[in-house]
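Results of the structural survey
The chain contents come next:
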Amino acid sequence: MADLTNTGSAPAASPQAIAHAAHGHAAGREPRAHQFDTAEQQFATSIFGMWVFLATEVLTFGGFFLAYIVYRTTYPEVFVEASTHQNVAIGAINTAVLIFSSLTMALAVWASQTGKQRLLLVSLGITMVCAFIFLIFKSVEYTEHFHHHLFPGQGFRFEEHPEMAGPAQLFFLLYFAMTGLHGLHVAIGIGLILYLMIQTLRKQFSPEYFTPVEVTGLYWHFVDLVWIFLFPLLYLIGGFDGF
């Protein structure tokens with residue numbers, strides 16, 4: 001496995017590089033913050049910090065998953081019927097788009113580790129395009145739900161089975177809350193990827209320093225993983241009795 005830290009001997013720096021380092025940036029390498037003893041410690045702390053953040057995100061989404069299980073068990077017939085109003089085709093397309101974006105993000109991390117600047121920029125660009133595609137399809141799906149009055153509130157209608165309208169709102173409340181929160185994470189990911197692309201154009205990343213790309217990659221894979229759970233729960237599992 002390739003060494004992910006700032007190790008190894010560096011070539012002799014030119015006077016220009018030394019002058020540039022005096023301003024805080026040498027050969028694309030981020031200066032070590034004063035609170036860290038070594039660059040390796042700084043890198044490990046950054047990765048650990050992201051894992052801690054992702055653990056709190058698991059707890060957040062876990063609360064929604066628990067609520068879904070409770071209400072799905074309480075109103076099984078209603079959730080089965082409500083799930084039939086989901087656009088499975090759009091959900092499947094978005095699933096494929098996010099899985100592909102995980103591949104391109106992994107490629108971006110590898111490119112940053114190996115110093116392939118052009119590949120890094122292209123991979124990040126494709127990942128961001130995939131994120132936009134996901135949000136566009138999700139907005140189309142939201143528009144369909146609004147058009148059919150399937151948004152929780154006073155205007156909610158469950159015309160085929162009006163007697164199920166009350167519990168059906170719980171399904172769509174969870175649907176909009178869970179997919180909306182996930183969509184927010186996708187939007188944040190777009191901002192992070194855009195920042196990485198700008199920094200790549202400024203040649204801030206190298207085999208000696210690629211921590212922001214690595215950390216953002218972890219975040220993006222988490223976003224993709226959450227959707228892989230949301231898709232069957234909200235689009236597929238509800239169509240099977242006995243859950």
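Anyway, here's the lowdown on the structure attached to this text.

Thresholds, definitions, all that
Residues numbered from 1 in each chain as written. Predicted model: local features only at pLDDT ≥ 70, side-chain atom pairs only at ≥ 80, totals over all residues. Heavy atoms only, no water. Phe/Tyr/Trp six-rings, centres within 6.5 Å; stacked < 30°, edge-to-face > 60°. Buried < 20%, exposed > 50% of the residue type's maximum accessible area, 1.4 Å probe, protein only. Helix = DSSP H or I, 4+ residues; strand = E, 2+ residues; numbered from the N terminus. Lys, Arg positive; Asp, Glu negative; His and termini not counted. Salt bridge = Lys/Arg side-chain N within 4 Å of Asp/Glu carboxyl O. Contact = heavy atoms within 4.5 Å. Core = buried A, V, L, I, M, F, W, Y, C linked by side-chain atoms within 4.5 Å.

Next up on the list: the packing of aromatic side chains. What the rule picks out here adds up to 18 aromatic pairs. Their ring planes at 20° and their centres at 4.7 Å tell us that Phe 146 and Phe 151 sit as a pair that is stacked. Overall, the relative accessible area of 45% leaves Phe 146 in the partly exposed class. Judged by relative accessible area, which is 36%, Phe 151 ranks as partly exposed. For the pair Phe 146 and Phe 176, a centre-to-centre distance of 6.0 Å together with 55° between the ring planes defines the contact as tilted.

Another point: the side chain of Glu 81. Its location among the elements puts Glu 81 in helix H3 (residues 76–83). In this structure Glu 81 is buried but unpaired, with Arg 72 as the nearest side chain of opposite charge at 11 Å. Apart from residues no more than four positions distant in its own chain, Glu 81 is found in contact with Phe 158, Glu 160, His 161 and Met 164.

Attention shifts here to the environment of Ile 47. Turning to its location among the elements, Ile 47 is positioned in helix H2 (residues 39–74). Every residue in contact with Ile 47, bar those within four places of it in the chain, is listed here: Glu 214, Val 215 and Leu 218.

One finds Leu 124, Phe 158 and Phe 172 to be the most contacted residues of the largest nonpolar core, which totals 55 residues. Where this core is concerned, the elements lending two or more residues are H2, H3, helix H4 (88–114), helix H5 (117–147), helix H6 (165–201) and helix H7 (211–236). The element contributing the most residues to this core is H7, with 14 residues.

Tracing the chain through its elements places His 182 in helix H6. With near-sequence residues (within four places) excluded, His 182 lies in contact with Phe 61, Leu 98, Phe 134, Val 223, Val 226, Trp 227 and Leu 230.

Take the pattern of salt bridges next. A full pass over the atoms with the stated rule returns 1 salt bridge. Close ionic contact of Lys 138 with Glu 141 constitutes a salt bridge, the shortest N to O distance being 2.8 Å. Remark: Glu 141 and Lys 138 occur in helix H5; sequence separation between them is 3 residues, near one turn of the helix. The exposure class of Lys 138 is buried, given its relative accessible area of 4%.

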